[in-house]
Amino acid sequence: MASSFLLCFLAFSLLLISLFRPTKSSKLEIEELSWLDDDNNEEINMVQSRHDSLRKCDFGSGKWVYDQTYPLYDAATCPYLSTRVTCRKNGRPDSDYEKWRWKPHGCTIPRFDALEFLGRMRRKRIMLVGDSIMRNQWESLVCLVESVVPTDRKTVTYAGPTMAFHALDFETSIEFCWAPLLVELKKGRGNKRILHLDLIEENAKYWRAADVLVFDSAHWWTHSDKWTSWDLLMEGKRVAPDMNRMVAYQKGLRTWAKWVDLNLDPRQSRVIFRSMSPRHNRDNGWKCYKQREPLGYASHPHVPEEMMVLKGVLKNMRFPVYLEDITAMSALRKDGHPSVYTQAATAGGADKHHRTDHTSADCSHWCLPGVPDIWNEVLNAML
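What counts, and at which threshold
Residues numbered from 1 in each chain as written. Predicted model: local features only at pLDDT ≥ 70, side-chain atom pairs only at ≥ 80, totals over all residues. Heavy atoms only, no water. Salt bridge = Lys/Arg side-chain N within 4 Å of Asp/Glu carboxyl O. Helix = DSSP H or I, 4+ residues; strand = E, 2+ residues; numbered from the N terminus. Disulfide = S-S within 2.5 Å. Buried < 20%, exposed > 50% of the residue type's maximum accessible area, 1.4 Å probe, protein only. Pairing = 2+ DSSP bridges. Axes fitted to C-alpha atoms, helices over the stretch in contact; angles between N-to-C directions. Contact = heavy atoms within 4.5 Å.

### So, the pattern of salt bridges
- Applying the stated rule across the entire model yields 21 salt bridges.
- Arg125 serves as the salt-bridge partner of Glu175, at 2.8 Å between the closest nitrogen and oxygen. With Glu175 in strand E6 (residues 172-178) and Arg125 in strand E3 (residues 125-130), the pair connects residues that are 50 residues apart, well separated along the chain.
- One salt-bridge network, in which partners are shared between bridges, spans Arg92, Asp94 and Arg292.

### Observations concerning the state of the cysteines
- With the rule as written, the count across this model stands at 4 disulfides.
- A sulfur-sulfur distance of 2.0 Å marks the disulfide that ties Cys57 to Cys107. Across the S-S bond linking Cys57 and Cys107, the dihedral sits near 75°, which makes this disulfide right-handed. Placement of the pair is Cys57 in the loop between helix H3 (41-55) and strand E1 (62-66) and Cys107 in the loop between strand E2 (100-104) and helix H4 (114-120), with a sequence separation of 50 residues. For the pair Cys57 and Cys107, one class covers both residues: buried.
- Each sulfur of the disulfide joining Cys288 and Cys363 lies 2.1 Å from the other. A torsion of -85° about the S-S bond marks the disulfide between Cys288 and Cys363 as left-handed. With Cys288 in the loop between strand E12 (270-274) and helix H8 (305-315) and Cys363 in the loop between helix H10 (349-356) and helix H11 (371-382), this residue pair connects regions lying 75 residues apart in the sequence.

### As for the sheet that holds strand E11 (residues 238-240)
- Taken together, the 4 strands give an open sheet; going across it, the order is E7-E8-E10-E11, and neighbouring strands pair in mixed fashion. Strands at the two margins of the open sheet, each flanked by one partner only, are strand E7 (184-187) and E11. Each strand of the sheet is rotated relative to its neighbour by a mean of 30°, with strand direction disregarded.
- In this sheet, strand E8 (residues 193-196) lies alongside E7 in antiparallel orientation, the contact comprising 4 bridges. Each residue of the ladder has a partner; that of Lys186, found in E8, is Ile194.

### Topic: the pairing of strand E5 (residues 162-167)
- A large share of E5 lies buried, amounting to 5 of its 6 residues.
- Pairing geometry for strand E4 (residues 154-159) and E5, over 6 bridges, is antiparallel. Bridge pairing links Lys154 to Ala167 in E5.
- In sequence, E4 turns back onto E5 through a hairpin of 2 residues, with Gly160 there showing a positive phi of about 60°.
- Where E5 and E6 come together, 6 bridges link them in antiparallel fashion. Bridge assignment links Ala164 to a residue of E6, and that residue is Glu175.
- Count of turn residues in the E5/E6 antiparallel hairpin: 4 residues, of which Glu171 carries a positive phi of about 55°.

### A look at the environment of Phe273
- By secondary structure assignment, the location of Phe273 is in strand E12.
- On the basis of relative accessible area, Phe273 is assigned to the buried category, the value being 1%.
- Distance in space between the C-alpha atoms of Phe273 and Leu323 is 5.0 Å, their sequence separation being 50 residues.
- The residues contacting Phe273, other than those within four sequence positions of it, are Leu182, Phe215, Asp216, Ser217, Leu253, Trp256, Leu310, Leu314, Val321, Tyr322, Leu323 and Glu324.

This is the structure:
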């Protein structure tokens, strides 16, 4: 009788095992989250401790110091700058905006050393993901490194929404991926632009294999009604003509955060989210035309609502994402924008009128050399 009971128990156990054996899809989910296993805790704690140590140096709090040894490269000799950011070439008469260095309170940002940076980034892919201001930062980073690479050992390639600078001897690529909203913006019926708040893979497939990822996303979420980035919002099967912009922004960031948590391994990838670049236009009380030096300080620095949303999303992530806070430091640099100097000067009265029409000034992007070079010095220090 005992042996019969034992046989029944064994048969029942085998049945349970077969019923609860992981399916292929659940096995895949387990593998995607393998970096959260207890066996990996030591390595994850090392990553997290590096994250915590960065918090001890607040790169975002400090002051601008005039430094004659800046800029770190010559716009005239860097072939990778787009026309709209080469302000001196476009006729801007002053150049002091190129010579300001950011000095944090209580710590130091190392001066950017191109060879040292490329040496540390050997055999790595660095990808900057976002909008045209992230493109601004990509051009800055490429100009910071390209002068130490021989002409025949560097190249730029293009694929879909990406462009990549390759330093061939270092097997290093510095890439930019156009994804201003991070989530997917698609064309629907009647040529309507539909923003899918819960879809991201069409963009994310380009990021998956990068070693260092730097993201930004803010400006396209806050465009005014006249320049709005979408016609309809969609989440699952629900369609809405519009919703509160910060609610939509939070939903989009949560989709991004979920993708990072599920698809990236902090032992292999470093992820940084750069905060919002401030605009000094009429909408927020500033005009950047003819500005010549930084503000000295901001007694009560304004914290954009986008920053609060971003911090809330990052706080709830499993993956240790570093926040590069450039908002407060850049808010002091109303002198750093292209203003009316976004294209090469032309002769005649039309140009004179253009130069004085500061209502059309670009107070969002940045002259190069200039402010984004400092963002990249901070990025280098964080890496």
